[in-house]
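Single-letter residue listing:
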Amino acid sequence: MLLGACGDNLPSPFADPSSIEVVSMPVTPNRELDLLFLIDDSPGGSELEDLLSASFPLLVDRLSTDGELVNLHLGIATSDLGTTGSDDPAHPGPPIGQLGNGGCAGSGKDGRLLTSGAMVSDAFLIDEADPVGTRRRNYQGTLPSVANAMIKAGGGGCGFEQHFAAIRRALTNPANAGFLRPTAQLGVVIVADEDDCSFRTPRLLDVNEPIGPLQSFRCTQQGIVCNEPLDVGEKTGCRAREDSTYIEGLAPTIELLRGLKADPSLLTVVALAGPRTPFGIELRTPPGGGTAITALGNSCDIPFVNGETRAMDPAVRMGDLAAAFGAHGLFEPGCSPVFDTQMRAVGHVLEQNLGVACLDTSMLRDSDTAAGTQPACSAVLVSGGVDEALPVCPAEGACFEIVSDAAACPETSDHLRFVVHEGPPGAYVRARCEVP
């Protein structure tokens, strides 16, 4: 089904505020993927690891074409950087708390890739041919079994989770040399129940600092700004704070990630965490009892079959980080007792580089009265740093069309797939569609 309404008749596809970027993909599919999971290993994090492990096979299905997996390098790192601040990483602060139960010391796990919860050996960072196929990988054994062992990072890591700084460290730590390949697409997936608390200085963990009790609300107070003061009550317009003395802004992480790939379509950033709203401040009795203190309220709870729940805090900073990467940024609320939907969504955004770009029409404007959603879209071809309008097929040379493909896009309601035909080697396509 070719949708004629999706053409190059919009005057400027990237200047129209009534449209959103829905596709960013190379003209030639890229079957190499370096996939980094950054897991929250603070107390309680093991519950999220179990959910991720159970649903991981669904992601594997999405990363396969014609029954064969992509050429995959898989890495697992955790949010535990101990008491190390980014302004002076050579001088961590003093240890705090009980190690193994939320305490923090030194450089923590230092962004090193894990296997079976332990530090990876040099022998694990390999790149070898699959003995039963032609693809390449950096692990031995079947992917589901290897992933299951690696994902179980435990739940006793530092309770001040530095997700963003740990991503940077995992991608730059010399101990992980060999994980990143220059020609591969890079996918970064954060799985957490609390927002990022990457701190610039270990003074954030100093009980004598005049920023309130040594609890995780320091991360909120120093890392988030809202339309209203951060006192008790519901807040609106909350976003990452960029001027904090204690907590990093988003720029260091965005700049490092973008600097790794000249082609932006080869970079994907996903956060699976608590929804960013509702965002409320409350008074809560601290662990161990005592006078109630200011705390960030939960934005949802994960209900488990045994009747227990897992609280998820609003992940505002993670949402902002994902949004910075357009069609290759995804923020997935993790409020369900299974992560099947979330893993399929991660697969959808990653498989764009395999030539499969499915459109979620639930957030697009319907430009036609016919059954189903007929989105109004436009696209540009980026080659050699030059943007050129990409026409709708049929056209001479490079062109695009939107087709119905239930096999490739089974989960989306209209099963619409964005398809690119021809184009020079090394080029990529960006497309935007109108929103209501």
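Above this text sits the structure in question.
Just so you know, these numbers come straight off a predicted model, no measurement behind them.

S.K.: Could you give an account of the sheet that holds strand β1 (residues 19–26), naming the residues involved and the relevant values?
M.R.: Sheet strands associate in pairs through backbone hydrogen bonding, adopting either a parallel or an antiparallel arrangement. Taken in spatial order, the 4 strands line up as β1-β25-β21-β22 in an open sheet, and their pairing is antiparallel. Sheet topology places β1 and β22 (386–390) at the edges, where each strand pairs with a single neighbour. Put simply, the sheet's adjacent strands are angled 25 degrees from each other on average, direction ignored. With 7 bridges joining them, β1 and strand β25 (residues 428–434) adopt antiparallel strand pairing. Each residue of the ladder has a partner; that of Ser-19, found in β25, is Glu-434.

S.K.: Any details on the side chain of Asp-313? Residues and values, ideally.
M.R.: Along the chain, Asp-313 turns up in the loop between β18 (309–312) and α6 (316–323). Buried and without a salt bridge, Asp-313 has Arg-284 as its closest oppositely charged side chain, separated by 5.5 Å. Residues contacting Asp-313, with those up to four places away along its chain left out, are Asp-193, Glu-194, Gly-274, Pro-275, Leu-296, Gly-297, Asn-298 and Ser-299.

S.K.: Mind laying out unusual backbone geometry, listing which residues take part and the relevant values?
M.R.: With an omega dihedral of 0 degrees, the bond running from Thr-277 to Pro-278 counts as a cis peptide bond. Tracing the chain through its elements places Pro-278 in the loop between β14 (267–273) and β15 (279–284). For the bond from Cys-393 to Pro-394, the omega torsion is 0 degrees, close enough to zero to count as cis. One non-glycine residue, Asp-110, lies in the positive phi region at around 60 degrees. By the secondary structure assignment, Asp-110 is in the loop between β5 (71–78) and β6 (114–115). A positive phi is found at Glu-422, a non-glycine position, where the angle reads about 65 degrees. The topology assignment puts Glu-422 in the loop between β24 (416–421) and β25. Residue Glu-422 is classed as exposed on the basis of its relative accessible area of 57%.

S.K.: Can you break down the packing of aromatic side chains residue by residue, with the values?
M.R.: In this structure the tally under the stated criterion is 2 aromatic pairs. Here Phe-37 and Phe-56 contribute two aromatic rings whose centre-to-centre distance is 5.9 Å and whose plane-to-plane angle is 55 degrees, an arrangement assigned as tilted. Here the residue Phe-37 occupies a position in strand β2 (residues 32–39), and Phe-56 occupies one in helix α1 (residues 45–62), the gap between them amounting to 19 residues. Residues Phe-37 and Phe-56 agree in their burial class; the two are buried. Taken together, a centroid distance of 5.0 Å and an interplanar angle of 15 degrees make the contact between Phe-400 and Phe-418 stacked. With Phe-400 in strand β23 (residues 399–404) and Phe-418 in strand β24, the pair connects residues that are 18 residues apart, well separated along the chain. Phe-418 shares its class with Phe-400; the two are buried. The ring of Phe-325 is capped by Arg-258, whose NZ or CZ atom sits 5.4 Å from the centre of that ring.

S.K.: Which residues make up the state of the cysteines, and what values go with them?
M.R.: For the coordinates displayed, the defined rule picks out 7 disulfides. In this model Cys-104 forms its disulfide with Cys-158; the gap between the sulfur atoms is 2.0 Å. Between Cys-104 and Cys-158 the sulfur-sulfur dihedral comes to about 80 degrees; the bridge is accordingly right-handed. Here Cys-158 lies in the loop between α2 (143–151) and α3 (163–172) and Cys-104 lies in the loop between β5 and β6, a separation of 54 residues in the sequence. Cys-158 matches Cys-104 in its accessibility class, with the two residues each being buried. Disulfide pairing places Cys-197 opposite Cys-219 at an S-S distance of 2.1 Å. Between Cys-197 and Cys-219 the disulfide shows an S-S torsion of about -75 degrees. By sign, it is left-handed. Here Cys-219 lies in helix α4 (residues 217–223) and Cys-197 lies in the loop between β10 (185–191) and α4, a separation of 22 residues in the sequence. The same class applies to Cys-197 as to Cys-219, namely buried.

Conventions and cut-offs
Residues numbered from 1 in each chain as written. Predicted model: local features only at pLDDT ≥ 70, side-chain atom pairs only at ≥ 80, totals over all residues. Heavy atoms only, no water. Pairing = 2+ DSSP bridges. Helix = DSSP H or I, 4+ residues; strand = E, 2+ residues; numbered from the N terminus. Axes fitted to C-alpha atoms, helices over the stretch in contact; angles between N-to-C directions. Buried < 20%, exposed > 50% of the residue type's maximum accessible area, 1.4 Å probe, protein only. Lys, Arg positive; Asp, Glu negative; His and termini not counted. Salt bridge = Lys/Arg side-chain N within 4 Å of Asp/Glu carboxyl O. Contact = heavy atoms within 4.5 Å. Phe/Tyr/Trp six-rings, centres within 6.5 Å; stacked < 30°, edge-to-face > 60°. Lys NZ or Arg CZ within 6 Å of the ring centre and 35° of its normal. Disulfide = S-S within 2.5 Å.

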